[in-house]
Amino acid sequence: MRIVIANKYFYPRGGDCQYTLRLIQLLESHGHEVAPFSMHHPDNLRSEYETYFVEHIDFQQELADMNLAGALHVLSRSVSNRKAVGLFRQLIEDFKPDIIHLQNIHHQLTPAIIGPAIRKSIPVVWTLHDYNILCPDHAFLRKDRLCMKCSTGGYYHAIVNRCKKGSLGASILAALECAVHNPWKLSKRINKFICPSSFMARLLAECKIPRDKIVHVPPFLPDPKLRVSDGDYFIYAGRLSAEKGLSILVEAFRRLPQTKLVVIGDGPLKNDLHSFIENHRLENVKLVGFQSPENVQKIMAGCMALVMPSICLENMPYAIIEAMACAKPVIASNLGGMPEMVEHGENGLLFEPGDVDSLVNCVNQLVSSPESARNMGLQGAEIFRRRYSVENHYRNIMKVYNMAFDNNIEFPYSDLHDRPEKGKGKAITQL
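Residues numbered from 1 in each chain as written. Predicted model: local features only at pLDDT ≥ 70, side-chain atom pairs only at ≥ 80, totals over all residues. Heavy atoms only, no water.

This part covers the overall build of the chain. A count of helical and extended segments in the chain gives 16 helices and 15 strands. Taking 22 Å as the expected radius of gyration for a compact globule of 431 residues, we find that the chain reaches 22 Å, a close match to that expectation. Over its C-alpha atoms, taken along the principal directions, the chain stretches across nearly 65 × 50 × 45 Å. The long-range fraction of contacts in the chain, counting pairs at least 24 apart against all pairs at least 6 apart in sequence, stands at 73%. Element-wise, carbon and sulfur atoms account for 48% of the exposed surface of the chain, whose accessible area totals about 18,600 Å². One way to put it: in the chain the 49 positive side-chain charges average out to a point 4 Å from where the 45 negative ones average out. (Helix = DSSP H or I, 4+ residues; strand = E, 2+ residues; numbered from the N terminus. Rg over C-alpha atoms; globule rule 2.2 N^0.38 Å. Contact = heavy atoms within 4.5 Å. Areas by Shrake-Rupley, 256 points an atom, 1.4 Å probe, with all protein chains shown as cover. Lys, Arg positive; Asp, Glu negative; His and termini not counted. Charge placed at Lys NZ, Arg CZ, Asp CG, Glu CD.)

This paragraph deals with the packing of aromatic side chains. If you walk through the whole model with that rule in mind, you get eight aromatic pairs. Measuring from centroid to centroid gives 5.9 Å for Tyr-19 and Phe-220, while their planes differ by 70°, and the two rings are edge-to-face. Taken together, the positions of Tyr-19 in helix 1 (residues 15-29) and Phe-220 in the loop between strand 8 (214-216) and strand 9 (233-237) put the pair 201 residues apart, joining distant regions of the chain. Accessibility assignment for this pair places Tyr-19 and Phe-220 in one class, buried. Taking NZ or CZ as reference, Arg-2 lies 4.1 Å from the ring centre of Phe-95, over its face. Against the face of Tyr-9 rests Arg-13, its NZ or CZ located 4.1 Å from the ring centre. (Phe/Tyr/Trp six-rings, centres within 6.5 Å; stacked < 30°, edge-to-face > 60°. Buried < 20%, exposed > 50% of the residue type's maximum accessible area, 1.4 Å probe, protein only. Lys NZ or Arg CZ within 6 Å of the ring centre and 35° of its normal.)

Now for helix 15 (residues 370-387). Along its 18 residues, helix 15 runs 25 Å from first to last C-alpha, staying within 8% of the 26 Å computed at 1.5 Å per residue. What helix 15 keeps buried is the set Ala-373, Met-376, Gly-377, Gly-380, Ala-381, Ile-383 and Phe-384. Burial along helix 15 is one-sided: seen end-on, the buried residues are contained in an arc of 165°. Looking at the packing, one finds that the buried side of helix 15 touches helix 13 (318-325), strand 14 (348-351) and helix 14 (356-368). (Expected span 1.5 Å × (residues − 1). Arc of directions from axis to C-beta.)

Relative to strand 11 (residues 285-289), strand 10 (residues 260-264) is paired through four bridges, and the arrangement is parallel. Paired with Val-263 across the strands is Leu-287, a residue of strand 11. You can see the chain leave strand 10, run along helix 11 (residues 270-279) and come back into strand 11, and the turn it takes is right-handed. (Pairing = 2+ DSSP bridges. Right-handed = clockwise from strand over helix to strand, strands pointing away.)

Turning next to the state of the cysteines. Under the defined criterion, the tally for this structure stands at zero disulfides. For the unlinked cysteine Cys-163, the closest cysteine sulfur is that of Cys-147, found at 6.2 Å. For Cys-163, a relative accessible area of 18% gives the class buried. (Disulfide = S-S within 2.5 Å.)

What the seven strands build is an open sheet, ordered 2-1-3-4-7-8-15; its pairing is parallel. Looking at strand neighbours, the two that pair on one side only are strand 2 (33-37) and strand 15 (429-430), the edges of this open sheet. Pairing of strand 4 (residues 124-127) with strand 7 (residues 192-195), which is carried by three bridges, proceeds in the parallel orientation. Considered in strand 7, the bridge of Thr-127 is made with Ile-194. Together, strand 1 (2-6), strand 2, strand 3 (99-102) and strand 4 form the strand contacts of helix 1, whose direction differs from that of strand 1 by roughly 170°. (Axes fitted to C-alpha atoms, helices over the stretch in contact; angles between N-to-C directions.)

Time to look at the sheet that holds strand 12 (residues 305-308). In a beta sheet, neighbouring strands are held together by backbone hydrogen bonds and run either parallel or antiparallel to one another. Ordered by their spatial adjacency, six strands build an open sheet running 11-10-9-12-13-14, and the pairing between neighbours is parallel. The two strands at the open ends of the sheet, each matched to only one other strand, are strand 11 and strand 14. Averaged over all neighbouring strand pairs, the angle between strand axes comes to 20°, with direction disregarded. Relative to strand 14, strand 13 (residues 330-333) runs parallel, the two sharing four bridges. Counterpart to Val-330 in the pairing with strand 14 is Gly-348.

Among the five residues of strand 10, four are classified as buried, and the element is accordingly described as predominantly covered. Here strand 9 runs beside strand 10; their pairing, made up of five bridges, is parallel. When the sheet's bridge partners are listed, Tyr-236 is paired in strand 10 with Val-263. Between the parallel elements strand 9 and strand 10, the chain passes through helix 10 (residues 246-254) in a crossover that is right-handed.

Generally, phi is negative for residues other than glycine and the peptide bonds are trans, each holding for most cases. Positive phi values are uncommon outside glycine, yet Lys-96 reaches one of about 55°. In this structure, Lys-96 sits in the loop between helix 4 (82-95) and strand 3. When its relative accessible area of 57% is taken as the criterion, Lys-96 is described as exposed. For Thr-110, which is not glycine, the phi torsion reads 75° and is therefore positive. Its location among the elements puts Thr-110 in the loop between strand 3 and helix 5 (114-119).

On average, residues of the chain score 89 in pLDDT, and 91% of them reach the 70 mark or higher. Confidence drops under a pLDDT of 50 for residues 411-425, and excluding neighbours within four residues, the segment shows 25 contacts in the predicted structure. (pLDDT = per-residue confidence, 0-100.)

Another point: the pattern of salt bridges. The full count for this structure, using the stated rule, is 14 salt bridges. In this structure, Arg-387 and Glu-343 form a salt bridge, with 3.6 Å as the shortest nitrogen-oxygen distance. Placement of Arg-387 in helix 15 and of Glu-343 in the loop between strand 13 and strand 14 is noted, with a sequence separation of 44 residues between them. A residue is classified by how much of its surface remains accessible, and Glu-343, at 31% relative accessible area, is partly exposed. The closest approach of N and O atoms between Glu-382 and Arg-385, which form a salt bridge, is 3.3 Å. (Salt bridge = Lys/Arg side-chain N within 4 Å of Asp/Glu carboxyl O.)

Below, the structure written as structure tokens:
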């Protein structure tokens, strides 16, 4: 099978990128031909198809330097990147794929690249790593509180509240992209939406995506086969941003001066976290910055547990799967897709989102009972082998591709702007 996989970055930047690179390797190991489509970046891995990649775009810098003419240029390009569409069309012409598999394409590549595939009657599936098609800020948060106002199409709320990075310009861009490429239009153009979590699948259905277009496929991780040890430190691994609940995390460990915390990652809260640590003279909290996936796994293999204190509706964090692969328990917020990954008292503990006392109690529970923590980690390793294995994922992805072939969409559409009724269609497919 010949497959094009599109993701805006082509290096291990975050969970979506790591998944993309691993999926390419997995498909190629089974004899499929895969052509990546992405954006040029100094950190990119090499690819024989990089001549088709779109030029590097840094919207944050462009918004900072923006004048009126630049604003119109950025606005149009973030909604429909014509250069990306042209290069994608050329890749399709030359590579002649059997199927297109989209990953994170928002802002830099834009959903407009779907057009050339549709015109060639090539089936398209899309793995949704976040909630970008429903929420302009992708996390359903407004001022650190859950907000679902845009989920049914009221994207102007994101502009009024400057939800995207607190910036009016960024919020306009994000809201406009959602409005132009709204989920009801996309559902006419996508054969299958692949949701890593059951929570996301249910949320899409509640937001009027036809149920028969939605497939739940958990992600995967190759078994790291690391030698694990019972460490005396906890870790956080992920983006350093407000929606990840990091203010709650460091406050909890401020109250636990004898318990160590290692924070892995980079992001906009890095300086604030440094200041908090210095101001409170926290000798038990250490920021180690961005680490390679291999280093993250090594640090994780020696910890006592992973902590995921997010206050947003997480989809299915890769860090939790990595912890289970290393036989480590997980302490996570009882929110979003995380409760379906962490079974309270089985492979970890759940605490009330935003509740520092609840988080402190969970940490103390593991510290006071290392044997219990070890048993939870072993249970997590068993869940990992059963649910997130390479073999399971390959089998499920092949099923999705075959389903996409079976219900391929013909171009053009007469009802492209018709919205399906809520709950209309068959049941969500669980793989």
